[in-house]
Amino acid sequence: MPLPPQIESSSVGHCQSLGLYLSIPFCRSKCTYCNFASGVYPASHHDQYVERLVGDLRASGSQAAERGLHLPQTVDSIYFGGGTPVLLSSAHFHTIFRAIGEIFALTAEAEITVECAPGQLSDSTLDALVACGVNRVSLGAQSFIDRECATSGRLHTRADVLTDLKRLRTAGIENLNLDLLAGLAGQTIHSWRESIDILLQTGVPHASVYMLEIDEDSRLGRELLQGGARYYAGLVPSDETIADMYETAIELFSSAGLAQYEISNFARPGFASRHNLRYWCRAPYLGLGVDASSMLFAEENADEPTPASLRLTTTSSLDDYLAGITPLAEQSWLGPVQQMEEFWFLGLRRNSGVAVTDLMHLFGAEAAQPSLAVAHRLVAEGLLCFERHAERFTLSPRGRLLSNNVFAEFLAAYPDPATSL
Ligand code: SF4
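Conventions adopted
- Residues numbered from 1 in each chain as written.
- Predicted model: local features only at pLDDT ≥ 70, side-chain atom pairs only at ≥ 80, totals over all residues.
- Heavy atoms only, no water.
- Patch = residues over 30% accessible without salt bridge, like charges linked within 9 Å, V, L, I, M, F, W, Y side chains within 5 Å.
- Areas by Shrake-Rupley, 256 points an atom, 1.4 Å probe, with all protein chains shown as cover.
- Salt bridge = Lys/Arg side-chain N within 4 Å of Asp/Glu carboxyl O.
- Lys, Arg positive; Asp, Glu negative; His and termini not counted.
- Charge placed at Lys NZ, Arg CZ, Asp CG, Glu CD.
- Helix = DSSP H or I, 4+ residues; strand = E, 2+ residues; numbered from the N terminus.
- Buried < 20%, exposed > 50% of the residue type's maximum accessible area, 1.4 Å probe, protein only.
- Expected span 1.5 Å × (residues − 1).
- Bend = angle between axes of the 7 residues up to and from the residue.
- Contact = heavy atoms within 4.5 Å.
- Phe/Tyr/Trp six-rings, centres within 6.5 Å; stacked < 30°, edge-to-face > 60°.
- Lys NZ or Arg CZ within 6 Å of the ring centre and 35° of its normal.
- Polar contact = N/O pair within 3.5 Å; in protein donor to acceptor, adjacent residues only side chain to side chain.
- Near = heavy atom within 4 Å.
- Nonpolar A, V, L, I, M, F, W, Y, C, P; charged D, E, K, R; others polar.
- Pairing = 2+ DSSP bridges.
- Core = buried A, V, L, I, M, F, W, Y, C linked by side-chain atoms within 4.5 Å.

**Considerations on a negative patch on the surface**
Reasoning step 1: Together, D239, E240, D244, E247 and E251 make up a negatively charged patch on the protein surface.
Reasoning step 2: By the secondary structure assignment, E247 is in helix α9 (residues 239-255).
Reasoning step 3: Take E247: its relative accessible area is 36%, and that puts it in the partly exposed class.

**Some remarks on helix α14 (residues 365-380)**
Reasoning step 1: The terminal C-alpha atoms of α14 lie 22 Å apart, and with 16 residues this matches the ideal 22 Å at 1.5 Å per residue to within 8%.
Reasoning step 2: The sharpest bend along α14 reaches about 30° and sits at S371.
Reasoning step 3: Every buried residue of α14 is listed here: A367, A368, S371, L372, V374, A375 and L378.
Reasoning step 4: Elements in contact with the buried residues of α14: α12 (336-347), α13 (356-363), β15 (384-387), β16 (392-395) and α16 (403-411).
Reasoning step 5: One or two steps after α14, the chain reaches G382, where phi turns positive at roughly 85°.

**Some points on the packing of aromatic side chains**
Reasoning step 1: For the structure on display, the rule yields 14 aromatic pairs.
Reasoning step 2: Among the aromatic side chains, those forming a connected cluster through ring pairs are F26, Y41, Y49 and Y321.
Reasoning step 3: Here the basic side chain of R52 rests over the ring of Y321, its NZ or CZ set 4.3 Å away from the ring centre.

**Focus: the pattern of salt bridges**
Reasoning step 1: Inspection of every chain in the model, using the stated rule, returns 13 salt bridges.
Reasoning step 2: A salt bridge links R58 to E102; its shortest N-O distance comes to 3.0 Å. Placement of R58 in helix α2 (residues 44-66) and of E102 in helix α3 (residues 90-103) is noted, with a sequence separation of 44 residues between them.
Reasoning step 3: Overall, R58 belongs to the partly exposed group, its relative accessible area being 47%.
Reasoning step 4: Residues R169 and E174 are paired through a salt bridge, measuring 4.0 Å at the closest nitrogen-oxygen approach.
Reasoning step 5: For E174, a relative accessible area of 48% corresponds to the partly exposed category.
Reasoning step 6: Members of the salt-bridge network, linked through shared partners, are D123, D164 and R167.

**Here we look at the side chain of E111**
Reasoning step 1: Following the sequence through the fold, E111 ends up in strand β4 (residues 105-116).
Reasoning step 2: Buried and without a salt bridge, E111 has R136 as its closest oppositely charged side chain, separated by 4.3 Å.
Reasoning step 3: Reaching out from E111, the side chain makes a polar contact with the backbone nitrogen of R274 at a distance of 2.8 Å.

**Let's talk about the site of the ligand**
Reasoning step 1: Taken together, the residues surrounding the ligand are C27, S29, K30, C31, Y33, C34, F36, S38, G83, T84 and R154.
Reasoning step 2: Residue composition of the shell around the ligand, by class: five nonpolar, four polar and two charged.

**Details of the pairing of strand β1 (residues 17-24)**
Along a regular strand, successive side chains alternate from one face of the sheet to the other.
Reasoning step 1: The element β1 is extensively covered by neighbouring structure, given that eight of its eight residues are classed as buried.
Reasoning step 2: Pairing between β1 and strand β3 (residues 74-82): eight bridges, direction parallel. Along β3, the bridge assignment pairs L20 with I78.
Reasoning step 3: In this sheet, strand β10 (residues 285-288) lies alongside β1 in parallel orientation, the contact comprising four bridges. Paired with L22 across the two strands is L288, which belongs to β10.

**Some words on the sheet that holds β16**
Reasoning step 1: If you walk across this open sheet you meet the three strands as β14-β16-β15, and the pairing is antiparallel. At either margin of the open sheet sits one strand with a lone partner, and together these are β14 (354-355) and β15.
Reasoning step 2: Here β15 pairs with β16 via four bridges, running antiparallel. Looking across to β16, one finds that C385 is bridged to T394.

**Digging into the nonpolar core**
Reasoning step 1: Core analysis: the biggest nonpolar cluster contains 99 residues, and F253, W344 and L348 have the highest contact counts within it.
Reasoning step 2: Sort the elements by how many residues they give to this core and α9 lands first, with seven residues.
Reasoning step 3: Excluding residues within four positions of it along the chain, W344 makes contact with V354, L359, S371, L372, A375, F393 and F410.
Reasoning step 4: Counting 10 residues, the second largest nonpolar core, distinct from the first, contains Y33, L212, L220 and A233.

Here is the structure:
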(Lines give C-alpha, C1' and ligand atoms only; values in the text may rest on other atoms or scores of the structure.)
Protein backbone atom coordinates (compact mmCIF):
# COMPACT_ATOMS: atom_id res chain seq x y z
CA MET A 1 0.00 0.00 0.00
CA PRO A 2 1.81 3.18 -1.11
CA LEU A 3 2.08 6.00 1.38
CA PRO A 4 0.28 9.26 0.74
CA PRO A 5 2.75 12.06 -0.09
CA GLN A 6 2.14 13.92 3.15
CA ILE A 7 3.44 10.97 5.19
CA GLU A 8 6.38 10.14 2.95
CA SER A 9 8.35 13.12 4.16
CA SER A 10 8.56 14.65 7.58
CA SER A 11 5.95 17.25 8.26
CA VAL A 12 5.12 19.82 10.85
CA GLY A 13 1.51 20.84 10.84
CA HIS A 14 1.08 20.31 7.11
CA CYS A 15 -0.60 16.92 7.14
CA GLN A 16 -4.35 17.18 6.58
CA SER A 17 -5.19 13.60 7.49
CA LEU A 18 -5.39 12.01 10.91
CA GLY A 19 -4.35 8.68 12.40
CA LEU A 20 -6.51 7.19 15.14
CA TYR A 21 -5.02 5.04 17.90
CA LEU A 22 -7.44 3.13 20.10
CA SER A 23 -6.02 1.50 23.20
CA ILE A 24 -7.70 -1.70 24.41
CA PRO A 25 -5.97 -2.58 27.70
CA PHE A 26 -7.44 -6.06 28.27
CA CYS A 27 -5.31 -9.23 28.29
CA ARG A 28 -6.03 -12.83 29.09
CA SER A 29 -2.82 -13.13 31.15
CA LYS A 30 0.01 -10.77 31.99
CA CYS A 31 3.34 -11.58 30.32
CA THR A 32 6.27 -11.36 32.75
CA TYR A 33 8.17 -8.77 30.68
CA CYS A 34 5.15 -6.57 29.87
CA ASN A 35 5.50 -2.93 30.91
CA PHE A 36 2.34 -1.69 29.18
CA ALA A 37 -0.75 -0.36 30.96
CA SER A 38 -2.63 -3.59 30.34
CA GLY A 39 -4.11 -6.13 32.69
CA VAL A 40 -6.46 -9.03 33.24
CA TYR A 41 -9.93 -7.63 33.92
CA PRO A 42 -13.36 -9.22 33.91
CA ALA A 43 -15.14 -9.19 30.55
CA SER A 44 -17.89 -7.18 32.26
CA HIS A 45 -15.57 -4.13 31.96
CA HIS A 46 -15.56 -4.35 28.17
CA ASP A 47 -19.03 -2.83 27.60
CA GLN A 48 -18.30 0.11 29.85
CA TYR A 49 -14.91 0.65 28.25
CA VAL A 50 -16.27 0.67 24.70
CA GLU A 51 -19.01 3.07 25.77
CA ARG A 52 -16.37 5.42 27.20
CA LEU A 53 -14.21 5.10 24.09
CA VAL A 54 -17.12 5.98 21.83
CA GLY A 55 -17.94 8.93 24.11
CA ASP A 56 -14.36 10.17 23.72
CA LEU A 57 -14.54 9.77 19.95
CA ARG A 58 -17.70 11.88 19.88
CA ALA A 59 -16.20 14.52 22.17
CA SER A 60 -12.89 14.73 20.32
CA GLY A 61 -13.93 17.58 17.99
CA SER A 62 -15.18 19.88 20.74
CA GLN A 63 -12.22 19.06 23.01
CA ALA A 64 -9.76 19.86 20.23
CA ALA A 65 -11.53 23.15 19.52
CA GLU A 66 -11.41 24.11 23.23
CA ARG A 67 -7.64 23.70 23.17
CA GLY A 68 -7.19 25.56 19.87
CA LEU A 69 -6.11 22.38 18.10
CA HIS A 70 -6.62 21.41 14.49
CA LEU A 71 -8.29 17.99 14.32
CA PRO A 72 -8.25 16.75 10.71
CA GLN A 73 -11.57 15.17 9.79
CA THR A 74 -10.13 12.72 7.28
CA VAL A 75 -8.72 9.54 8.79
CA ASP A 76 -6.34 7.40 6.79
CA SER A 77 -4.99 5.08 9.46
CA ILE A 78 -6.53 3.40 12.48
CA TYR A 79 -4.58 1.27 14.92
CA PHE A 80 -6.09 -0.86 17.69
CA GLY A 81 -3.31 -1.58 20.20
CA GLY A 82 -3.16 -2.79 23.71
CA GLY A 83 -3.50 -5.02 25.43
CA THR A 84 -5.25 -7.56 23.31
CA PRO A 85 -7.90 -5.75 21.24
CA VAL A 86 -9.31 -8.99 19.82
CA LEU A 87 -10.71 -9.85 23.26
CA LEU A 88 -13.49 -7.40 22.40
CA SER A 89 -16.59 -8.95 20.90
CA SER A 90 -17.76 -8.55 17.33
CA ALA A 91 -20.52 -6.23 18.59
CA HIS A 92 -17.91 -3.98 20.23
CA PHE A 93 -15.96 -3.65 16.99
CA HIS A 94 -19.13 -2.82 15.07
CA THR A 95 -20.03 -0.16 17.65
CA ILE A 96 -16.60 1.48 17.50
CA PHE A 97 -16.44 1.48 13.70
CA ARG A 98 -19.97 2.84 13.43
CA ALA A 99 -18.97 5.76 15.66
CA ILE A 100 -15.75 6.41 13.71
CA GLY A 101 -17.75 6.46 10.47
CA GLU A 102 -20.22 8.97 11.92
CA ILE A 103 -17.51 11.33 13.16
CA PHE A 104 -14.69 11.11 10.61
CA ALA A 105 -14.33 10.55 6.88
CA LEU A 106 -12.37 7.34 6.45
CA THR A 107 -10.37 7.27 3.21
CA ALA A 108 -11.02 4.35 0.86
CA GLU A 109 -7.41 3.19 1.13
CA ALA A 110 -7.11 3.67 4.91
CA GLU A 111 -4.77 1.26 6.69
CA ILE A 112 -6.67 -0.34 9.58
CA THR A 113 -4.56 -2.46 11.93
CA VAL A 114 -5.58 -4.60 14.89
CA GLU A 115 -3.06 -6.17 17.25
CA CYS A 116 -3.78 -9.78 18.03
CA ALA A 117 -2.41 -12.25 20.58
CA PRO A 118 -2.00 -15.64 18.85
CA GLY A 119 -4.66 -18.18 19.73
CA GLN A 120 -7.11 -15.56 21.02
CA LEU A 121 -8.96 -14.53 17.88
CA SER A 122 -12.44 -16.04 17.81
CA ASP A 123 -14.20 -16.78 14.52
CA SER A 124 -16.88 -14.20 15.26
CA THR A 125 -14.35 -11.47 16.03
CA LEU A 126 -12.40 -12.31 12.87
CA ASP A 127 -15.63 -12.01 10.86
CA ALA A 128 -16.29 -8.63 12.48
CA LEU A 129 -12.78 -7.38 11.70
CA VAL A 130 -13.24 -8.22 8.04
CA ALA A 131 -16.75 -6.72 7.95
CA CYS A 132 -15.46 -3.50 9.57
CA GLY A 133 -12.70 -3.11 6.97
CA VAL A 134 -9.67 -4.17 9.01
CA ASN A 135 -6.92 -4.84 6.46
CA ARG A 136 -3.82 -5.33 8.60
CA VAL A 137 -3.18 -7.55 11.62
CA SER A 138 -0.16 -7.50 13.88
CA LEU A 139 0.41 -10.80 15.67
CA GLY A 140 2.50 -10.78 18.84
CA ALA A 141 4.45 -13.97 18.20
CA GLN A 142 7.56 -12.80 20.15
CA SER A 143 9.22 -16.22 19.63
CA PHE A 144 8.58 -19.43 17.71
CA ILE A 145 10.18 -21.48 20.49
CA ASP A 146 7.36 -22.77 22.69
CA ARG A 147 9.39 -22.97 25.90
CA GLU A 148 10.45 -19.29 25.53
CA CYS A 149 6.81 -18.23 25.24
CA ALA A 150 5.88 -20.41 28.22
CA THR A 151 8.61 -19.01 30.49
CA SER A 152 7.41 -15.49 29.61
CA GLY A 153 3.83 -16.23 30.61
CA ARG A 154 2.54 -16.21 27.05
CA LEU A 155 -0.32 -18.57 26.31
CA HIS A 156 0.42 -19.57 22.72
CA THR A 157 2.59 -21.98 20.82
CA ARG A 158 4.27 -21.88 17.41
CA ALA A 159 1.34 -23.86 16.02
CA ASP A 160 -1.13 -21.20 17.23
CA VAL A 161 0.70 -18.47 15.33
CA LEU A 162 0.85 -20.50 12.14
CA THR A 163 -2.84 -21.41 12.43
CA ASP A 164 -3.83 -17.77 12.95
CA LEU A 165 -1.80 -16.66 9.92
CA LYS A 166 -3.64 -19.21 7.83
CA ARG A 167 -7.05 -18.14 9.14
CA LEU A 168 -6.29 -14.46 8.55
CA ARG A 169 -5.13 -15.11 4.99
CA THR A 170 -8.17 -17.24 4.29
CA ALA A 171 -10.29 -14.34 5.53
CA GLY A 172 -8.53 -12.06 3.02
CA ILE A 173 -6.13 -10.22 5.35
CA GLU A 174 -2.70 -10.46 3.74
CA ASN A 175 -1.03 -7.41 5.26
CA LEU A 176 0.38 -9.19 8.29
CA ASN A 177 3.03 -8.27 10.83
CA LEU A 178 4.80 -10.57 13.27
CA ASP A 179 6.50 -9.16 16.38
CA LEU A 180 9.63 -10.81 17.75
CA LEU A 181 11.19 -9.98 21.11
CA ALA A 182 14.94 -10.34 21.72
CA GLY A 183 15.83 -11.01 25.36
CA LEU A 184 13.30 -13.64 26.44
CA ALA A 185 14.37 -15.98 29.25
CA GLY A 186 16.16 -19.00 27.81
CA GLN A 187 16.68 -17.42 24.39
CA THR A 188 20.00 -18.05 22.65
CA ILE A 189 21.43 -16.84 19.37
CA HIS A 190 20.65 -20.28 18.01
CA SER A 191 16.97 -20.22 19.07
CA TRP A 192 16.66 -16.61 17.89
CA ARG A 193 17.86 -17.63 14.42
CA GLU A 194 15.28 -20.40 14.45
CA SER A 195 12.49 -17.91 15.25
CA ILE A 196 13.67 -15.64 12.43
CA ASP A 197 13.86 -18.56 10.00
CA ILE A 198 10.29 -19.57 10.77
CA LEU A 199 9.07 -15.99 10.50
CA LEU A 200 10.66 -15.74 7.06
CA GLN A 201 9.12 -19.05 6.01
CA THR A 202 5.65 -17.67 6.78
CA GLY A 203 6.17 -15.04 4.06
CA VAL A 204 4.68 -12.17 6.10
CA PRO A 205 5.41 -8.80 4.49
CA HIS A 206 6.28 -7.01 7.76
CA ALA A 207 8.22 -7.81 10.94
CA SER A 208 8.94 -5.83 14.10
CA VAL A 209 11.86 -6.62 16.38
CA TYR A 210 11.96 -5.27 19.91
CA MET A 211 14.59 -5.66 22.60
CA LEU A 212 13.65 -6.52 26.18
CA GLU A 213 13.15 -3.40 28.29
CA ILE A 214 14.25 -3.76 31.89
CA ASP A 215 12.39 -1.33 34.13
CA GLU A 216 10.19 -1.13 37.21
CA ASP A 217 7.00 -1.47 35.17
CA SER A 218 7.22 -5.22 34.55
CA ARG A 219 7.52 -8.17 36.94
CA LEU A 220 10.58 -9.50 35.15
CA GLY A 221 12.16 -6.04 34.97
CA ARG A 222 11.76 -5.51 38.73
CA GLU A 223 13.18 -8.96 39.42
CA LEU A 224 16.23 -8.29 37.24
CA LEU A 225 16.81 -4.89 38.85
CA GLN A 226 16.69 -6.52 42.29
CA GLY A 227 18.98 -9.37 41.26
CA GLY A 228 16.29 -11.99 41.90
CA ALA A 229 15.66 -15.29 40.12
CA ARG A 230 11.87 -15.38 39.77
CA TYR A 231 10.30 -15.40 36.30
CA TYR A 232 13.42 -17.20 35.00
CA ALA A 233 15.36 -13.95 35.40
CA GLY A 234 18.63 -15.92 35.52
CA LEU A 235 17.98 -17.16 31.98
CA VAL A 236 17.65 -13.70 30.42
CA PRO A 237 20.42 -13.23 27.85
CA SER A 238 23.11 -10.60 28.41
CA ASP A 239 22.90 -7.12 26.85
CA GLU A 240 25.67 -8.11 24.41
CA THR A 241 23.73 -11.20 23.30
CA ILE A 242 20.55 -9.14 22.86
CA ALA A 243 22.50 -6.62 20.75
CA ASP A 244 23.88 -9.53 18.66
CA MET A 245 20.32 -10.82 18.20
CA TYR A 246 19.21 -7.43 16.93
CA GLU A 247 22.08 -7.22 14.45
CA THR A 248 21.39 -10.79 13.32
CA ALA A 249 17.76 -9.86 12.62
CA ILE A 250 18.80 -6.86 10.51
CA GLU A 251 21.15 -9.05 8.49
CA LEU A 252 18.76 -11.99 7.97
CA PHE A 253 15.69 -9.87 7.23
CA SER A 254 17.57 -7.67 4.81
CA SER A 255 18.93 -10.63 2.83
CA ALA A 256 15.40 -12.06 2.69
CA GLY A 257 13.89 -8.85 1.24
CA LEU A 258 12.42 -7.39 4.44
CA ALA A 259 14.17 -4.04 4.39
CA GLN A 260 14.64 -2.14 7.61
CA TYR A 261 12.81 1.19 7.47
CA GLU A 262 12.88 2.09 11.15
CA ILE A 263 14.91 1.00 14.18
CA SER A 264 12.46 -1.81 15.02
CA ASN A 265 10.60 -2.31 11.74
CA PHE A 266 11.17 -4.26 8.53
CA ALA A 267 8.95 -4.55 5.47
CA ARG A 268 8.72 -5.72 1.91
CA PRO A 269 8.26 -2.84 -0.58
CA GLY A 270 4.91 -1.12 -0.07
CA PHE A 271 4.20 -2.72 3.33
CA ALA A 272 5.71 -0.19 5.75
CA SER A 273 3.14 0.61 8.44
CA ARG A 274 1.47 3.84 7.48
CA HIS A 275 0.13 4.40 10.97
CA ASN A 276 3.47 3.90 12.69
CA LEU A 277 5.21 6.16 10.17
CA ARG A 278 2.98 8.95 11.44
CA TYR A 279 4.82 8.84 14.76
CA TRP A 280 8.25 9.21 13.18
CA CYS A 281 7.14 11.77 10.58
CA ARG A 282 5.33 13.95 13.13
CA ALA A 283 2.02 13.62 11.31
CA PRO A 284 -1.02 14.19 13.57
CA TYR A 285 -2.66 11.36 15.48
CA LEU A 286 -5.37 11.11 18.10
CA GLY A 287 -5.01 8.43 20.77
CA LEU A 288 -8.02 7.40 22.84
CA GLY A 289 -8.42 4.97 25.73
CA VAL A 290 -6.11 4.07 28.61
CA ASP A 291 -2.49 5.30 28.33
CA ALA A 292 -2.98 6.55 24.77
CA SER A 293 -0.88 9.34 23.27
CA SER A 294 -1.91 12.05 20.84
CA MET A 295 0.06 14.58 18.84
CA LEU A 296 -1.90 17.42 17.29
CA PHE A 297 -1.05 20.85 15.97
CA ALA A 298 -2.50 24.22 16.90
CA GLU A 299 -4.82 25.83 14.38
CA GLU A 300 -2.83 27.65 11.68
CA ASN A 301 -2.05 31.21 12.62
CA ALA A 302 -0.53 33.75 10.22
CA ASP A 303 1.75 35.08 13.01
CA GLU A 304 3.21 31.64 13.73
CA PRO A 305 4.87 30.03 10.70
CA THR A 306 5.51 26.86 12.75
CA PRO A 307 2.29 26.05 14.62
CA ALA A 308 2.82 24.77 18.16
CA SER A 309 2.13 21.08 18.67
CA LEU A 310 0.52 19.45 21.67
CA ARG A 311 1.43 16.05 23.07
CA LEU A 312 -1.17 14.42 25.30
CA THR A 313 -1.22 11.13 27.17
CA THR A 314 -4.30 9.77 28.87
CA THR A 315 -4.32 8.16 32.29
CA SER A 316 -2.83 4.67 32.66
CA SER A 317 -5.43 3.74 35.29
CA LEU A 318 -8.38 1.79 33.93
CA ASP A 319 -10.48 2.67 36.98
CA ASP A 320 -9.85 6.39 36.50
CA TYR A 321 -10.55 6.13 32.81
CA LEU A 322 -13.84 4.33 33.32
CA ALA A 323 -14.85 6.80 36.03
CA GLY A 324 -13.98 9.74 33.76
CA ILE A 325 -11.53 11.02 36.38
CA THR A 326 -8.31 12.83 35.37
CA PRO A 327 -8.43 11.49 31.85
CA LEU A 328 -5.24 13.38 31.00
CA ALA A 329 -2.01 12.17 32.57
CA GLU A 330 0.35 14.51 30.73
CA GLN A 331 0.22 17.29 28.27
CA SER A 332 2.89 19.55 26.85
CA TRP A 333 2.93 22.22 24.22
CA LEU A 334 5.98 22.17 22.00
CA GLY A 335 7.38 25.34 20.48
CA PRO A 336 9.60 25.45 17.37
CA VAL A 337 12.83 24.41 19.12
CA GLN A 338 11.26 21.41 20.83
CA GLN A 339 9.64 20.41 17.57
CA MET A 340 12.99 20.58 15.83
CA GLU A 341 14.52 18.33 18.47
CA GLU A 342 11.69 15.86 17.88
CA PHE A 343 12.13 16.21 14.15
CA TRP A 344 15.72 15.02 14.58
CA PHE A 345 15.26 12.15 16.98
CA LEU A 346 12.07 10.82 15.43
CA GLY A 347 13.41 11.29 11.89
CA LEU A 348 16.65 9.50 12.68
CA ARG A 349 14.68 6.43 13.77
CA ARG A 350 13.78 5.97 10.10
CA ASN A 351 16.34 4.55 7.69
CA SER A 352 15.50 7.42 5.34
CA GLY A 353 16.77 9.75 8.10
CA VAL A 354 16.59 13.55 8.17
CA ALA A 355 16.87 15.60 4.97
CA VAL A 356 18.56 18.96 5.39
CA THR A 357 16.15 20.57 2.90
CA ASP A 358 13.13 19.49 5.02
CA LEU A 359 14.80 20.82 8.16
CA MET A 360 15.55 24.21 6.53
CA HIS A 361 12.11 24.43 4.99
CA LEU A 362 10.29 23.76 8.27
CA PHE A 363 12.43 25.66 10.74
CA GLY A 364 14.63 28.09 8.78
CA ALA A 365 18.40 28.01 8.20
CA GLU A 366 19.40 30.09 11.20
CA ALA A 367 17.37 28.08 13.69
CA ALA A 368 18.57 24.79 12.23
CA GLN A 369 22.27 25.68 12.48
CA PRO A 370 23.05 24.42 16.04
CA SER A 371 21.41 21.05 15.32
CA LEU A 372 23.31 20.72 12.03
CA ALA A 373 26.58 21.37 13.91
CA VAL A 374 25.68 18.52 16.28
CA ALA A 375 24.83 16.25 13.34
CA HIS A 376 28.18 16.91 11.61
CA ARG A 377 30.05 16.23 14.87
CA LEU A 378 28.18 12.91 15.23
CA VAL A 379 29.20 12.03 11.65
CA ALA A 380 32.84 12.61 12.64
CA GLU A 381 32.32 10.36 15.68
CA GLY A 382 30.90 7.57 13.51
CA LEU A 383 27.37 7.69 14.96
CA LEU A 384 25.66 9.28 11.94
CA CYS A 385 26.21 9.00 8.19
CA PHE A 386 25.81 11.92 5.81
CA GLU A 387 24.65 11.16 2.26
CA ARG A 388 26.11 14.14 0.44
CA HIS A 389 24.11 13.75 -2.79
CA ALA A 390 20.76 13.64 -0.92
CA GLU A 391 21.91 15.97 1.89
CA ARG A 392 20.50 13.51 4.37
CA PHE A 393 21.64 12.30 7.81
CA THR A 394 21.02 8.70 8.90
CA LEU A 395 22.08 6.61 11.89
CA SER A 396 25.23 4.55 11.30
CA PRO A 397 25.12 0.88 12.43
CA ARG A 398 26.91 1.91 15.66
CA GLY A 399 24.57 4.89 16.06
CA ARG A 400 21.59 2.55 15.80
CA LEU A 401 22.84 0.57 18.79
CA LEU A 402 23.53 3.78 20.73
CA SER A 403 20.48 5.63 19.42
CA ASN A 404 19.39 7.00 22.80
CA ASN A 405 22.80 8.67 23.26
CA VAL A 406 22.56 10.13 19.76
CA PHE A 407 19.07 11.53 20.41
CA ALA A 408 20.24 13.09 23.68
CA GLU A 409 22.88 15.09 21.76
CA PHE A 410 20.12 16.91 19.88
CA LEU A 411 18.33 17.72 23.11
CA ALA A 412 21.53 19.39 24.30
CA ALA A 413 21.89 21.47 21.10
CA TYR A 414 19.48 24.13 22.36
CA PRO A 415 20.15 24.94 26.01
CA ASP A 416 16.75 26.55 26.54
CA PRO A 417 14.27 24.81 24.21
CA ALA A 418 11.28 26.70 25.63
CA THR A 419 12.68 29.94 24.25
CA SER A 420 11.16 30.77 20.93
CA LEU A 421 13.58 31.16 18.03
S1 SF4 B 1 -0.28 -9.76 25.55
FE2 SF4 B 1 0.91 -7.90 25.13
S3 SF4 B 1 -0.09 -6.28 26.31
FE4 SF4 B 1 -0.88 -8.24 27.09
S5 SF4 B 1 0.43 -8.70 28.83
FE6 SF4 B 1 1.36 -9.73 27.07
S7 SF4 B 1 2.83 -8.22 26.24
FE8 SF4 B 1 1.47 -7.12 27.65
